[in-house]
Amino acid sequence: MAVDIVALRAQSEETIESLLADGAPEDELYVIEHHLASTDFSKLEKAAVELVKAGYHVDDADEYELDDHSRLFAFVAVSEVQLDAKILDMQTVEVAKIADLAGVDYDGWGTYFGEADDEEE
């Protein structure tokens, strides 16, 4: 599972730029969800343990059945930070390294802004 760190860093930068362009306040804290997945639950569990050691909150894994009837397991590793490119770049690299060492897929991060905030009110 070689992680394409260059693509993930570019995706991270684009996400931050888009959020700021849409009016997201830069100085607020955002729940950041790093997305990891694997068909091998034990590998995903290894990544989860390492991410907890690194200070992330890890949600329980969800199980999905794919079109070919194989199983995929996925979870999010959560942090709460500002939309600071340096912090999010550091997290992207850190999570990617852990995912690579564990042999799982890392698909980048996401957060909630706008409509999701409105629904909570």
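Computed from a predicted structure; not experimentally measured.

Rules behind the numbers
- Residues numbered from 1 in each chain as written.
- Predicted model: local features only at pLDDT ≥ 70, side-chain atom pairs only at ≥ 80, totals over all residues.
- Heavy atoms only, no water.
- Helix = DSSP H or I, 4+ residues; strand = E, 2+ residues; numbered from the N terminus.
- Buried < 20%, exposed > 50% of the residue type's maximum accessible area, 1.4 Å probe, protein only.
- Contact = heavy atoms within 4.5 Å.
- Lys, Arg positive; Asp, Glu negative; His and termini not counted.
- Charge placed at Lys NZ, Arg CZ, Asp CG, Glu CD.
- Expected span 1.5 Å × (residues − 1).
- Arc of directions from axis to C-beta.
- UniProt positions renumbered as here; feature names shortened; annotations may be inferred.
- Core = buried A, V, L, I, M, F, W, Y, C linked by side-chain atoms within 4.5 Å.
- Phe/Tyr/Trp six-rings, centres within 6.5 Å; stacked < 30°, edge-to-face > 60°.

This part takes up the overall build of the chain. Secondary structure summary: the chain contains four helices and five strands in total. Across the chain, helices and strands are ordered from the amino to the carboxyl terminus as α-β-α-β-β-β-α-β-α. Referenced to the eigenvectors of the C-alpha coordinate spread, the extents of the chain come out at roughly 40 × 30 × 25 Å. Considering the chain as a whole, with its 121 residues, one finds that 35% of them fall into the buried category. For the chain, contacts bridging at least 24 residues in sequence account for 74% of all contacts bridging at least 6. Of the charged side chains in the chain, 7 are positive and 32 negative, and the gap between their average positions amounts to 15 Å.

Within the chain, H69 stands out as a residue other than glycine whose phi angle is a positive 70°. Among the structural elements, H69 can be located in the loop between β3 (62-65) and β4 (71-81). Among the residues examined, H69 registers a relative accessible area of 61% and is labelled exposed.

In this model helix α2 (residues 41-53) runs 18 Å from its N-terminal to its C-terminal C-alpha over 13 residues, within 8% of the 18 Å that 1.5 Å per residue would give. Turning to α2, its buried residues number three or more, namely L44, A47, A48 and L51. Down the axis of α2, the buried side of the element spans an arc of 105°, and every buried residue falls inside it. Elements that come into contact with the buried residues of α2 comprise β1 (30-38), β2 (57-58), β4 and α3 (85-102). A positive phi of about 105° marks G55, the residue just after α2.

This part covers the UniProt feature "domain: Regulator of ribonuclease activity B" (unreviewed entry) in the chain. Feature annotation in UniProt places "domain: Regulator of ribonuclease activity B" (unreviewed entry) on residues 10-111, given in this structure's numbering. This span, residues 10-111, is 42% helix and 31% strand, and a straight line between its end C-alpha atoms measures 16 Å.

Attention shifts here to the nonpolar core. Grouped together as the largest cluster of nonpolar side chains are 27 residues, with contacts concentrated most on L36, L51, F75 and Y106. Mapped by element, the contributors of at least two residues to this core are α1 (5-21), β1, α2, β4, α3 and β5 (105-110). Among the elements that line this core, the one with the most residues is α3, at six residues.

With that out of the way, let us pick up the packing of aromatic side chains. In the structure shown here, the tally under the stated rule is one aromatic pair. A ring pair is formed by F41 and F73, whose centres lie 5.3 Å apart and whose planes are at 70°; its orientation type is edge-to-face. With F41 in helix α2 and F73 in strand β4, the pair connects residues that are 32 residues apart, well separated along the chain. With relative accessibility at 39%, the residue F41 sits in the partly exposed group. F73 sits in the buried class, given a relative accessible area of 15%.

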